[in-house]
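Listed below are the residues making up each chain.
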Amino acid sequence: MDYQNKLVLAPMVRVGTLPFRLLAAEYGADITYGEEIIDHKMVKCERKVNEYIGCTDFVEKGTENVVFRTCYEERNRVIFQIGTSDAVRALTAAQIVCKDVAAIDVNMGCPKSFSISGGMGAALLNKPELIHDILTTLKRNLSCPVTCKIRLLKSSQDTVELARRIEKTGVSALAVHGRKVADRPRDPAKWSEIADVVSALSIPVIANGDVFDYGDFARIKAATVMVARGALWNASVFSPEGKVHWEEVKREYVRKSILWDNDIKSTKHTLKEMIMHYSCLELPEGKGVIKSENLADIAKLYGEERYYQFVNENRFSSNGS
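Residues numbered from 1 in each chain as written. Predicted model: local features only at pLDDT ≥ 70, side-chain atom pairs only at ≥ 80, totals over all residues. Heavy atoms only, no water.

A. Just the packing of helix α1 (residues 18–27) against helix α10 (residues 246–259), in detail. Their axes nearest at 9 Å, the elements α1 and α10 cross at an angle of 130°. If you check the angle between α1 and α10, you find them oblique. Regarding α1 and α10, the two cross each other, and that crossing is right-handed. Mapping the contact onto sequence places Pro19, Phe20, Leu22, Leu23, Glu26 and Tyr27 in α1 and Val249, Glu252, Tyr253, Lys256 and Ser257 in α10. (Axes fitted to C-alpha atoms, helices over the stretch in contact; angles between N-to-C directions. Helix = DSSP H or I, 4+ residues; strand = E, 2+ residues; numbered from the N terminus. Parallel < 35°, antiparallel > 145°, perpendicular 65-115°, else oblique. Left-handed = near helix turned anticlockwise from the far one by under 90°. Contact = heavy atoms within 4.5 Å.)

So this is what it looks like as structure tokens:
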């Protein structure tokens, strides 16, 4: 897995499912992170080849709940991100999925109370010994690359010190979000502090924060750049030809959600985020998304009934049913 000079889709909860990852890749993303999945959830899963959809599912045992869905097409670029606070449990979760993904990443930057109260995400930033334990355990026992994603610490010196300790575990790359735990998305990302980490390490550093246009990639000193909200609002941010109109991007997302039978909650959440950035949910489109109960409703709302019918009829006939 080569992390140098790449454009990367950031992990985003309820957004980074298979259709959105494929959409970002279509527009030019080289590496696509899935949404963070907690190790407790993943260890309860079993791998199932879904011939009906043409994908590989990791399904919670005893249920039909798909925790992670991937496909052969993204095998060499999809990163599986784990939320964990325990080395052994992280390894158990990673071993279930590692043969179907390009790399395993550990989330060490999520500031949400759910993560921190469970000792995961940004809670790990204050526990360098545990970070070392988790990363070295994964590195020793997995054949795929291992990486992690952190946030800035109180001082640039502290961030660099932690980054150097992480580098010594043998990880293939380190992603750095240019904000501190207490910062909000409206606070500007501190690119100079990411640059300090880049110059201190020999492994690739993936820089994350405030990338909204393709031109931003050239302005950033770090060679590998990760995009979150900029991609959510318009996945064609990765295209060197410039952005496609967001309505077109949104329609392509709807089609991919139908094709890959995406979870309706994930599809609705992603569409609502797109709509809220450019418009508002009080207009007919927003209300239509909120009311939708399944992908058939979404297809009807966006005038994709024929595509929905075509996909489902072809699935039906190709499976000999």
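Alright, that's what it looks like, and here's the rest.
B. Inspection of the nonpolar core at higher detail. Counting residues in each nonpolar core, the largest one holds 47 residues, and the members touching the most others are Ile104 and Leu174. For this core, the leading source of residues is helix α3 (residues 87–97), giving six residues. Once you skip the residues sitting within four places of it in the chain, Ile104 turns out to touch Ile79, Phe80, Ile82, Ala94, Val97, Cys98, Leu142, Cys144, Pro145, Val146 and Thr147. Grouped together as the second largest cluster of nonpolar side chains are 36 residues, Trp233, Leu271, Met274 and Tyr302 included. (Core = buried A, V, L, I, M, F, W, Y, C linked by side-chain atoms within 4.5 Å. Buried < 20%, exposed > 50% of the residue type's maximum accessible area, 1.4 Å probe, protein only.)

C. The packing of aromatic side chains, seen in detail. This structure, assessed with the given rule, holds five aromatic pairs. Ring geometry for Phe68 and Phe80: centres 5.0 Å apart, planes at 80°, overall edge-to-face. Here Phe68 is found in strand β6 (residues 66–70), whereas its partner Phe80 is found in strand β7 (residues 78–83), with 12 residues between them in sequence. As far as the burial class goes, Phe68 and Phe80 line up, both buried. Through a chain of ring-to-ring contacts, three or more aromatic side chains come together here, namely Phe58, Phe68 and Phe80. Above the face of the Tyr307 ring, Arg255 is positioned so that its terminal group lies 4.1 Å from the ring centre. (Phe/Tyr/Trp six-rings, centres within 6.5 Å; stacked < 30°, edge-to-face > 60°. Lys NZ or Arg CZ within 6 Å of the ring centre and 35° of its normal.)

D. Fine view of the pattern of salt bridges. Taken as a whole, this structure holds 17 salt bridges when the rule is applied. With its nearest N and O atoms 2.6 Å apart, the salt bridge here joins Lys256 to Glu26. Remark: Glu26 occurs in helix α1 and Lys256 occurs in helix α10; sequence separation between them is 230 residues. Ionic pairing is found between Glu73 and Arg77, a salt bridge with its closest N-O pair at 3.8 Å. Since its relative accessible area comes to 52%, Glu73 is described here as exposed. Via salt bridges that share partners, Glu26, Glu252 and Lys256 belong to a single interconnected network. (Salt bridge = Lys/Arg side-chain N within 4 Å of Asp/Glu carboxyl O.)

E. Examining the sheet that holds β6 more closely. The strand order across the open sheet built from three strands is β4-β5-β6, with neighbouring strands paired in antiparallel fashion. Strands with a single pairing partner mark the edges of an open sheet, and in this sheet they are β4 (45–50) and β6. Averaged over all adjacent pairs, the angle separating strand axes in this sheet is 20°, with direction ignored. (Pairing = 2+ DSSP bridges.)

F. Inspection of helix α5 (residues 128–141) at higher detail. An ideal rise of 1.5 Å per residue puts 20 Å on 14 residues; α5 measures up with 20 Å between its terminal C-alpha atoms. The set of residues buried in α5 consists of Pro128, Ile131, Ile134, Leu135, Thr136, Thr137 and Leu138. In the core, the buried residues of α5 are packed alongside α3, β8 (103–108), β9 (146–152) and α6 (156–167). (Expected span 1.5 Å × (residues − 1).)

G. Layout of unusual backbone geometry. The backbone of Asn5 shows a phi angle near 55°, a positive value even though the residue is not glycine. The topology assignment puts Asn5 in the segment before β1 (7–9). A relative accessible area of 58% places Asn5 in the exposed class. Positioned with a positive phi, Asp210 is a non-glycine residue whose angle comes to about 60°. Here Asp210 shows up in the loop between β11 (205–208) and α8 (214–219). Classification of Asp210 by relative accessible area gives partly exposed; the value is 25%.

H. Structural context of helix α12 (residues 284–291). Among all positions in α12, only Gly286, Gly288 and Val289 are buried. Take α12 and look down its axis: the buried residues cluster within an arc of 160°, on one side only. For α12, exposure combined with an orientation more than 90 degrees from the buried face picks out Pro284 and Lys291. The inward-facing, buried residues of α12 contact α11 (264–278) and α13 (295–301). (Arc of directions from axis to C-beta.)

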